[in-house]
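Per-entry structural report
Below are the chains, spelled out letter by letter.
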Amino acid sequence: MADKNFEKLILPMGTTLDRFIMRNQAHFPYATGELSQLLRDIALASKIVNREINRAGLINIAGSYGSNNAHGEEQQKLDVVANVRFSRALRNGGEACAIISEEDDDMVITGNNASKYVVAIDPLDGSSNIDVNVAVGTIFSIYRRRTPVNTTPTMEDVLQAGRWQVAAGYILYGSSTMLVLTTGKGVHGFTYEPSLGEYYLSHPDMRIPETGTIYSVNEGLLPDFEPGVQRYLEYCRAKRYSGRYIGSFVADFHRNLFKGGIFMYPATAKHPTGKLRIMYECNPLAFLAEQAGGKATTGTERILEIQPTSLHQRVPLYIGSRQMVEHAEALLQAEVPVRA
Ligand code: AHM
Ligand code: MG
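So, here is what we can say about the structure in this document. (Residues numbered from 1 in each chain as written. Chains lettered and ligands numbered in written order. Predicted model: local features only at pLDDT ≥ 70, side-chain atom pairs only at ≥ 80, totals over all residues. Heavy atoms only, no water.)

1. What about the pattern of salt bridges?
In total, this model carries 16 salt bridges according to the counting rule given. Lys116 is the salt-bridge partner of Glu34, the closest N and O atoms lying 3.3 Å from each other. Here the residue Glu34 occupies a position in helix H3 (residues 34–54), and Lys116 occupies one in the loop between strand S4 (108–109) and strand S5 (117–125), the gap between them amounting to 82 residues. For Lys116, a relative accessible area of 16% gives the class buried. The shortest N-O distance in the salt bridge between Arg322 and Glu326 comes to 3.2 Å. Of this pair, Arg322 and Glu326 both sit in helix H9 (residues 322–333), 4 residues apart, roughly one helical turn. Residue Glu326 is classed as partly exposed on the basis of its relative accessible area, which comes to 31%. Within this structure, Glu210, Lys295, Arg322, Glu326 and Glu329 form a network of salt bridges that share partners. (Salt bridge = Lys/Arg side-chain N within 4 Å of Asp/Glu carboxyl O. Helix = DSSP H or I, 4+ residues; strand = E, 2+ residues; numbered from the N terminus. Buried < 20%, exposed > 50% of the residue type's maximum accessible area, 1.4 Å probe, protein only.)

What follows is the structure, given as structure tokens:
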């Protein structure tokens with residue numbers, strides 16, 4: 001019989017993402033194994049992207065690619081690499097009939113018309129941080145298609161309100177790489193073990209604290225914000241809350257998920273409807289926030305209720321600990337917006 005010290009030396013590694021998905025497949029809506037396969041395809045692509053990010057400084061893959069994306073923003077080389085990696089994995093995996101990506105102008109029809117799912121993806125969010133070795137992320141959402149299988153998917157399949165997501169998650173390429181996932185039954189975090197090439201369940205049933213003392217916003221844009229937002233920020237400062245802003249949404253969200261806090265990207269002069277995109281950034285993290293007990297709104301409306309009208313639509317975003325988001329909403333609505 002092994003003694004306690006010996007047992008400590010050989011602690012079990014725990015549950016791999018694959019096993020977790022397999023075990024929980026029965027809980028997935030309409031489970032037939034395809035959604036599980038789709039999640040595995042995303043996890044596989046993320047391992048490749050993780051490898052590229054880790055060696056970016058060595059192989060001339062950091063920096064600008066020299067072109068703009070669908071939003072007229074400068075694409076980084078790794079944006080392009082990540083987009084190809086995820087699109088290829090999803091196309092070859094066969095379980096996504098259409099993909100929309102922050103990096104592509106239009107919907108990509110994969111040719112897998114027999115498949116039931118569509119995927120929205122921001123392959124590499126916060127990629128301008130790569131050059132300075134700061135955490136970046138991948139964000140994804142999965143929806144069931146609306147049109148019948150074995151037909152060509154249409155915009156109706158990809159332009160769905162966030163409440164129809166069947167799964168969403170992100171991969172944070174940080175000091176360790178984590179995949180955080182919801183399939184509508186809570187939020188679960190998996191940490192990547194690079195030497196084994198596996199994600200292991202490290203943070204089951206993650207809950208965001210009801211309230212917190214962190215506010216995350218690009219405060220340099222303060223003069224642009226509506227009076228209600230300015231008032232809420234005055235309150236945060238008066239309370240001596242900690243201002244924490246990385247400029248990498250996944251990393252800011254992840255920290256607040258653990259510690260409690262609010263992340264805001266209000267409307268500004270440059271981005272009159274907010275900067276973050278509903279399909280690629282707001283919906284998936286709103287689904288995760290709600291599943292963890294938090295809240296996500298535009299200041300007046302639940303993010304997951306918004307019916308999108310275009311692929312790259314942007315909305316203002318207030319997301320995080322429930323009480324903090326509700327407080328921000330109350331102060332926002334108390335004032336008439338400057339840019340009504
Ligand atoms: P990106 O998708 O082009 O990387 O832009 C999104 C990023 C978010 O990660 C981050 O929260 C935000 O832009 C930062 O914007 P700003 O630099 O205006 O504060
Ligand atoms: Mg992005």
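2. Thoughts on the coordination of the magnesium ion (ligand 2)
For the magnesium ion (ligand 2), the protein coordination sphere consists of Glu102 (OE), Asp122 (OD), Asp125 (OD) and Glu281 (OE), at 2.0 to 2.4 Å. The sequence pattern formed by the donor residues of the magnesium ion (ligand 2) is E-x19-D-x2-D-x155-E. Residue Glu102 is found in the loop between strand S3 (96–101) and S4, and its partner Asp122 is found in strand S5; the two are separated by 20 residues along the sequence. We classify Asp122 as buried; its relative accessible area is 0%. (Donors = N, O, S within 2.8 Å, 3.2 Å for Na, K, Ca; no water.)

3. A short note on the sheet that holds strand S13 (residues 262–265)
Pairing between the strands of a sheet is mediated by backbone hydrogen bonds and can be parallel or antiparallel. The strand order across the open sheet formed by 5 strands is S12-S11-S13-S15-S14, and the pairing between neighbours is mixed. Of all the strands in the sheet, the pair left with one neighbour each is strand S12 (242–243) and strand S14 (295–297). Relative to strand S15 (residues 317–320), S14 runs antiparallel, the two being bridged by 3 bridges. In the sheet register, Ala296 faces S15, and the bridge partner there is Ile319. Set on the sheet, helix H8 (residues 278–291) makes contact with S14 and S15; between it and S15 the angle comes to about 30°. (Pairing = 2+ DSSP bridges. Contact = heavy atoms within 4.5 Å. Axes fitted to C-alpha atoms, helices over the stretch in contact; angles between N-to-C directions.)

4. Thoughts on the site of ligand 1
Taken together, 17 residues lie around ligand 1, and Asp125, Gly126, Tyr245, Phe249 and Tyr265 are the ones closest in. Within the backbone of Gly126, a nitrogen or oxygen atom sits 2.7 Å from an oxygen atom of ligand 1. Interatomic distance of 3.1 Å between a side-chain N/O atom of Glu281 and an oxygen atom of ligand 1. When the free accessible area of ligand 1 is taken as 470 Å², the share hidden by the protein chains comes to 82%. Within the residue set of the shell around ligand 1, elements represented by two or more residues are S5 and S13. (Near = heavy atom within 4 Å. Polar contact = N/O pair within 3.5 Å; in protein donor to acceptor, adjacent residues only side chain to side chain. Areas by Shrake-Rupley, 256 points an atom, 1.4 Å probe, with all protein chains shown as cover.)

5. What to know about empty space enclosed by the protein
Taken as a whole, this structure holds 1 cavity of 30 Å³ or more when the rule is applied. In this structure, the largest cavity encloses a volume near 40 Å³. If you trace the largest cavity, you find it lined by Leu17, Ile21, Leu39, Ile42, Ala43, Phe140, Leu179 and Leu181. Sorting the residues of the lining of the largest cavity by element identifies helix H2 (17–24), H3 and strand S8 (177–182) as the ones contributing at least two each. If you tally residues by element for the lining of the largest cavity, the top one is H3, at 3 residues. Looking at the lining of the largest cavity residue by residue, the classes come out as 8 nonpolar, no polar and no charged. (1 Å grid on protein atoms, 1.4 Å probe; cavity = no way out; pocket = protein on both sides within 12 Å on 5 of 7 lines; lining within 4 Å. Points joined across faces, edges and corners; volume = space filled by probe spheres on them. Nonpolar A, V, L, I, M, F, W, Y, C, P; charged D, E, K, R; others polar.)

6. Some remarks on the sheet that holds S5
If you walk across this open sheet you meet the 8 strands as S4-S3-S5-S6-S7-S8-S9-S10, and the pairing is mixed. Edge positions in the sheet fall to S4 and strand S10 (198–203), since each of these pairs with one other strand and no more. When strand S6 (residues 136–144) meets strand S7 (residues 165–173), the two strands line up antiparallel, connected through 8 bridges. In the strand pairing of S7, Ser141 is matched with Ala168.

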